[in-house]
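Fold and geometry: a report
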Amino acid sequence: MRHDSAPVIFKLTGNIVKSTTIAFQKSTGAGRDAFVTVTESCLAQNYTTPALQAGTFVASGDPFQFRHVLWTLASGAVVEVNSGSLVFDQVITDGDSRYSNTSLDRTIGSPIPTLFKISGKLNVNLLNTTYADIWELAAAVTGTNTLALTQSSSNKVTFTLTGMYIDPVPADKTNIDGVNSADIVFTATGVTIAAIDAISAW
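Residues numbered from 1 in each chain as written. Predicted model: local features only at pLDDT ≥ 70, side-chain atom pairs only at ≥ 80, totals over all residues. Heavy atoms only, no water.

**Side note on the overall build of the chain**
Helix and strand counts for the chain stand at one helix and 13 strands. For 202 residues, the compact-globule estimate of 2.2 N^0.38 gives 17 Å, and the C-alpha radius of gyration of the chain, at 21 Å, exceeds that figure by more than 25%. Its C-alpha atoms give the chain principal-axis dimensions of roughly 60 × 40 × 40 Å. Burial status across the chain gives 27% buried among its 202 residues. The contacts in the chain between residues at least 6 apart in sequence include a share of 75% that link residues at least 24 apart. Surface summary for the chain: the accessible area is close to 13,300 Å², and the carbon and sulfur share equals 54%. (Helix = DSSP H or I, 4+ residues; strand = E, 2+ residues; numbered from the N terminus. Rg over C-alpha atoms; globule rule 2.2 N^0.38 Å. Buried < 20%, exposed > 50% of the residue type's maximum accessible area, 1.4 Å probe, protein only. Contact = heavy atoms within 4.5 Å. Areas by Shrake-Rupley, 256 points an atom, 1.4 Å probe, with all protein chains shown as cover.)

**Examining the sheet that holds strand E10 (residues 155–162)**
Ordered in space as E6-E5-E9-E10-E13, the five strands form an open sheet in which the pairing is antiparallel. Each having just a single partner strand, strand E6 (76–78) and strand E13 (190–196) make up the two edges of the open sheet. On average, adjacent strands in this sheet sit at an angle of 25° to one another, irrespective of strand direction. Pairing of strand E9 (residues 146–152) with E10 involves six bridges; the strand directions are antiparallel. Pairing of Ala148 across the sheet is with Thr158, part of E10. (Pairing = 2+ DSSP bridges. Axes fitted to C-alpha atoms, helices over the stretch in contact; angles between N-to-C directions.)

**Let's talk about the packing of aromatic side chains**
Under the counting rule described, the total for this entry stands at four aromatic pairs. Aromatic pair Trp71 and Phe186: ring centres 5.6 Å apart, planes at 65°, arrangement edge-to-face. Placement of Trp71 in strand E5 (residues 69–73) and of Phe186 in strand E12 (residues 181–188) is noted, with a sequence separation of 115 residues between them. Just as Trp71 is buried, Phe186 falls in that class too. Pairing Phe88 with Phe116 gives two aromatic rings, centres 6.2 Å apart and planes at 0°, and the pair type is stacked. Here Phe116 lies in the loop between strand E7 (81–89) and strand E8 (117–125) and Phe88 lies in strand E7, a separation of 28 residues in the sequence. The class of Phe88 is buried, set by a relative accessible area of 10%. One aromatic cluster is present, formed by Phe88, Phe116 and Phe159 through successive ring pairs. (Phe/Tyr/Trp six-rings, centres within 6.5 Å; stacked < 30°, edge-to-face > 60°.)

**Section: a nonpolar patch on the surface**
On the surface, a nonpolar cluster with roughly 410 Å² of combined accessible area is contributed by Val8, Phe10, Leu12 and Tyr47. Here Val8 shows up in the segment before strand E1 (11–13). (Patch = residues over 30% accessible without salt bridge, like charges linked within 9 Å, V, L, I, M, F, W, Y side chains within 5 Å. Salt bridge = Lys/Arg side-chain N within 4 Å of Asp/Glu carboxyl O.)

**Observations regarding the nonpolar core**
One finds Trp71, Leu73, Leu86 and Leu161 to be the most contacted residues of the largest nonpolar core, which totals 27 residues. Mapped by element, the contributors of at least two residues to this core are strand E2 (16–25), E5, E7, E8, helix H1 (130–136), E9, E10 and E12. Not counting the four nearest positions on each side in its chain, Leu73 is found in contact with Val78, Tyr131, Ile134, Val141, Thr144, Asn145, Met164, Ile166 and Ile184. (Core = buried A, V, L, I, M, F, W, Y, C linked by side-chain atoms within 4.5 Å.)

**Considering unusual backbone geometry**
The omega angle of the peptide bond from Asp167 to Pro168 is 5°, so this bond is cis rather than trans. By secondary structure assignment, the location of Pro168 is in the loop between strand E11 (165–166) and E12. With a phi close to 50°, Ala138 is a non-glycine residue in the positive phi region.

**Here's the deal with the side chain of Lys18**
Structurally, Lys18 is set in strand E2. Judged by relative accessible area, Lys18 falls into the buried class, the value being 18%. In this structure the side chain of Lys18 is engaged in a polar contact, spanning 2.9 Å, whose partner is the side chain of Asp94. If we skip the residues at most four places from it in the chain, Lys18 touches Ser41, Cys42, Leu43, Phe88, Asp89, Gln90, Val91, Ile92 and Asp94. (Polar contact = N/O pair within 3.5 Å; in protein donor to acceptor, adjacent residues only side chain to side chain.)

Structure follows, in structure tokens:
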């Protein structure tokens, strides 16, 4: 929008996170693509446009990078990972929380989460049939299945997935000139999160 030199501020209230995506990719050695990113889709119940308030925000600590990532699938470390993502979705439909009610006026009511979904994708190099063999079992992946982001023993977060299924088969067209790669696309029915930082263990 066009405006003068005065800042335009929107203060959102009654926020809820609809979905969260954690993503990473191996670095090319330039730019900011080495960082692990977290993207959230949010829904707010209302907003105001307050005046500018004094204060500063200072980011502290070092962000996680691709080199801090460790995927474990069926109790085995997945080494040749090119990129990946982990998505948590509460499947919220915005219109479900809007009602014919004078007290709410133009705002919405409390957002309604429906089915909590966990999904993700790993792009890996295919060196053998290991991942296709896991898919072929047509069952929940056994053993330990985790995404760990670790800078040190006192700064790490681990997502442990349960009820993890891979579908479709991790395969792609043959690369005559180089290594074959494919996406491991998965869903899960549960997750346990353990986070440790300099302040506390969550």
